[in-house]
Amino acid sequence: MSESAPIQHPNGLTSGDFTEADEPLRLFAAWFSDATRSEPADPSAMTLATVDADGVPMDLGCEWLHSADRNVLAPLAEEFGFSINKQRPDWTTRLRNSGESEAAEADWAAERDAFYWAVHRLAEQPEDAPCSAALVPGGRWNTLLNATSTWANAVELDRLSAKDNDRYEDTGVNWRLHRGYGRLFEALAEGLPIAYGTAATHIDHHGAEIAIETGRGTVRAARVIVAVPSAIIAEERLVFDPPLPDKLAAAAGLPLGLADKLFFHFDGDAPERFLIGSTRRHETMTYQVRPFGRPRINCFFGGRFAASLEREGFDAMAAFATDELAGLLGGDVRQRLKPLAASFWRQDEFARGSYSYALPGHADDRGKLATPVDGRLFFAGEACSLHFFSTAHGAYETGTAAAEAALASLLR
Ligand SMILES: Cc1cc2nc3c(=O)[nH]c(=O)nc-3n(C[C@H](O)[C@H](O)[C@H](O)COP(=O)(O)OP(=O)(O)OC[C@H]3O[C@@H](n4cnc5c(N)ncnc54)[C@H](O)[C@@H]3O)c2cc1C
């Protein structure tokens, strides 16, 4: 990818003729070897893509092993020889690092905890209300609570189901991989017959055999696991025939929020720390200064603000972040920053956003989306996870569960 372009998915493969094959894995293997030949640079294009600039890993999507002490990927990472940084991020001190007093920071921490308890109480009510209903009217920290929601949930509190949010299981332990999270998935996927650049458009499940139409031909299978982002189903970029109105409704109840990242090369000497552009503006970013002591500042932003910056483009993102960083670190920081790359997850036609949230009233849609159809169509992906949605390990767990269920159904 270039610095200013959206993350490009490797589509448009050129192998002219396609053949229908009865044996999908053999067909995938042929497509994979074609994809590898055509796209030697980087055939991976998921929301966990890791790209390198100057040899430094950058996670354009997922970075943290959230709930790391319960995260199935943590032991797998160790098994695969990945070194894990287990230092827990001190996100609360972002406030004092960004010009707030320690007393203000303590007030924020208390208010944030009170807010989470209020969401929990709200979630116990019969009606599934938006999380914004738990805000104290006129509260000093409401703007920051909303900004924090756009980073954690990729959406503002008024769009977020309290019941769903309350079901998320956060143990508060967050670790990172020195080589990047994306590289772990590349290692896990090594040797698998993956057909990159091959969008599925139509799943015909009338007959005994299921037929999946793709841009490169039709694959026939006895069982199918659908693991596309919820928006791909809701927007009918992948169509089921016969139609599955319940799946469409569930996917529509779980839209994809937006969280994006911007990376700077930083020629400065600061210690590693986290900053916030403003505690009083909703339109602000959070910053990771010199992660792992590397010459980088990583910027993170979400929600409506990220959507507007995506529309304005890479230069506007970089200019906004540079101004905020100059306010935080002093004007001479401008000469020390070189924008490198950014994600544009909303514009990515195979992602359509960053991760799912449940709309108020739709907390139960995750279970509905995950339910198999006819014992032959199985569903996976982060949106199907009841307690670890919006995460890579949640997605992974739903994938292994769907695979096990599909295999078990074949043995019956
Ligand atoms: C900025 C950002 C930061 C994040 N930070 C973290 C973090 O720190 N920790 C964490 O755990 N998670 C994080 N996440 C979330 C995490 O990346 C996702 O939850 C996870 O990747 C979801 O996996 P998935 O398999 O459900 O979906 P995806 O990773 O989106 O995979 C879906 C796949 O389906 C493919 N596809 C789409 N349409 C079609 C089609 N028609 N036919 C065939 N294939 C199709 C896509 O190309 C893609 O490969 C972050 C995400 C973003 C964007």
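Model, not experiment: these values are computed from the prediction. (Residues numbered from 1 in each chain as written. Predicted model: local features only at pLDDT ≥ 70, side-chain atom pairs only at ≥ 80, totals over all residues.)

**Considerations on the overall build of the protein chain**
Here is step 1 of the chain: Looking only at helices and strands, the protein chain has 13 helices and 16 strands in total.
Here is step 2 of the chain: For the protein chain, the residues scored as buried account for 41% of the 412 residues in total.
Here is step 3 of the chain: Summarising the internal contacts of the protein chain: among those between residues at least 6 apart in sequence, 70% fall at separations of at least 24. (Helix = DSSP H or I, 4+ residues; strand = E, 2+ residues; numbered from the N terminus. Buried ≥ 20, exposed ≤ 12 C-beta atoms within 10 Å, placed from the backbone. Contact = placed C-beta atoms within 7 Å.)

**Some remarks on the site of the ligand**
Here is step 1 of the chain: Around the ligand, a shell composed of 34 residues is seen, among which C62, S354, G381, T391 and A395 lie nearest.
Here is step 2 of the chain: Elements with a contribution of two residues or more to the shell around the ligand: strand 11 (259–266) and helix 13 (392–411).
Here is step 3 of the chain: Partitioning the shell around the ligand into residue classes produces 19 nonpolar, 10 polar and 5 charged. (Near = placed C-beta within 6 Å. Nonpolar A, V, L, I, M, F, W, Y, C, P; charged D, E, K, R; others polar.)

**Quick notes on the sheet that holds strand 8 (residues 217–221)**
Here is step 1 of the chain: Across the sheet, 4 strands lie side by side as 8-7-6-10; this open sheet has mixed pairing. A single partner strand is all that each edge strand has here, and the edge strands are strand 8 and strand 10 (239–241). Recorded for the sheet is a direction-independent mean angle of 20° between the axes of neighbouring strands.
Here is step 2 of the chain: Two strands pair when backbone bridges link them, and strand 6 (residues 200–204) and strand 7 (residues 210–214) are joined in this way by 4 bridges, in the antiparallel orientation. Looking at the pairing, D204 lines up with A211 of strand 7. (Pairing = 2+ DSSP bridges. Axes fitted to C-alpha atoms, helices over the stretch in contact; angles between N-to-C directions.)

**Some remarks on the pairing of strand 6**
Here is step 1 of the chain: What sits between strand 6 and strand 7 in their antiparallel hairpin is a turn of 5 residues.
Here is step 2 of the chain: Across 3 bridges, strand 6 lies against strand 10 in parallel orientation. If you follow D204 over to strand 10, its bridge partner there is D241.

**Quick look at helix 7 (residues 181–189)**
Here is step 1 of the chain: Those residues of helix 7 that sit buried are Y181, G182, R183, L184 and F185.
Here is step 2 of the chain: G191 occupies a position one or two residues after helix 7 and carries a positive phi of about 85°.

**Quick notes on the environment of G81**
Here is step 1 of the chain: Here G81 lies in the loop between helix 2 (73–79) and strand 4 (84–85).
Here is step 2 of the chain: For G81, a count of 8 C-beta atoms within 10 Å gives the class exposed.
Here is step 3 of the chain: Sequence separation between G81 and L184 is 103 residues, and the spatial gap between their C-alpha atoms is 9.5 Å.

**What to know about the sheet that holds strand 4**
Here is step 1 of the chain: Pairing is antiparallel in the open sheet, where 3 strands are placed in the order 3-5-4. Across the chains shown, the open sheet's two edge strands, defined by having one partner strand only, are strand 3 (64–65) and strand 4.
Here is step 2 of the chain: Strand direction decides the pairing type here: strand 4 and strand 5 (residues 175–177), joined by 2 bridges, are antiparallel. By the bridge assignment, N85 is partnered in strand 5 with R176.

**Considerations on the pairing of strand 13 (residues 286–289)**
Here is step 1 of the chain: Burial along strand 13 is two-sided: T286 and Q288 and Y287 and V289, pointing in opposite directions, are all buried.
Here is step 2 of the chain: As paired strands, strand 12 (residues 273–276) and strand 13 are joined by 4 bridges and run antiparallel to one another. Looking at strand 13, one finds that F274 is bridged to Q288.
Here is step 3 of the chain: Of the pairings in the sheet, the one linking strand 13 to strand 14 (residues 296–302) comprises 4 bridges and is antiparallel in character. Paired with T286 across the two strands is F300, which belongs to strand 14.
Here is step 4 of the chain: Here strand 13 folds back onto strand 14, and the loop between the two strands holds 6 residues, one of which, R290, carries a positive phi near 50°.

**Observations regarding the nonpolar core**
Here is step 1 of the chain: Counting 77 residues, the largest nonpolar core has Y287, A321, L369 and F379 as its most contacted members.
Here is step 2 of the chain: The element contributing the most residues to this core is helix 11 (residues 314–329), with 6 residues.
Here is step 3 of the chain: Ignoring any residue separated from it by four or fewer positions in sequence, one finds A321 in contact with L262, M285 and C299.
Here is step 4 of the chain: Grouped together as the second largest cluster of nonpolar side chains are 14 residues, A74, L177, F185 and A392 included. (Core = buried A, V, L, I, M, F, W, Y, C linked by C-beta atoms within 7 Å.)

**What about helix 5 (residues 142–152)?**
Helical geometry note: an α-helix holds 3.6 residues per turn, so side chains three or four residues apart project in the same direction.
Here is step 1 of the chain: All buried positions along helix 5 are accounted for by L144, L145, N146, A147, T148, S149 and T150.
Here is step 2 of the chain: Following helix 5 by one or two positions, A154 has its phi on the positive side, about 65°.

**Things to note about the environment of E63**
Here is step 1 of the chain: The topology assignment puts E63 in the loop between strand 2 (56–59) and strand 3.
Here is step 2 of the chain: A tally of 23 C-beta atoms within 10 Å means that E63 is categorised as buried.
Here is step 3 of the chain: Once the C-alpha coordinates of E63 and G182 are considered, the two residues, 119 residues apart in sequence, prove to be 7.8 Å apart.
Here is step 4 of the chain: Sequence-distant contacts of E63, defined by excluding residues within four places in its chain, comprise R176 and Y181.

**Description of the confidence of the model for the protein chain**
Detailed reading of the predicted coordinates is not advisable wherever pLDDT falls low.
Here is step 1 of the chain: On average, residues of the protein chain carry a pLDDT of 89, and 87% of them reach 70 or more.
Here is step 2 of the chain: This stretch, residues 1–22, has a pLDDT under 50; its non-local contacts, to residues over four places away or in other chains, come to 47 contacts. (pLDDT = per-residue confidence, 0-100.)

**Examining unusual backbone geometry**
Here is step 1 of the chain: Residue P242 is bonded to the preceding D241 through a cis peptide linkage, with omega at 0°.
Here is step 2 of the chain: We note that E236 has phi near 55°; this positive angle belongs to a residue other than glycine.
Here is step 3 of the chain: For E236, the location among the structural elements is in the loop between helix 8 (230–234) and strand 10.
Here is step 4 of the chain: If you check the backbone angles, F292 has positive phi at about 55° while not being a glycine.
Here is step 5 of the chain: Its place among the elements puts F292 in the loop between strand 13 and strand 14.

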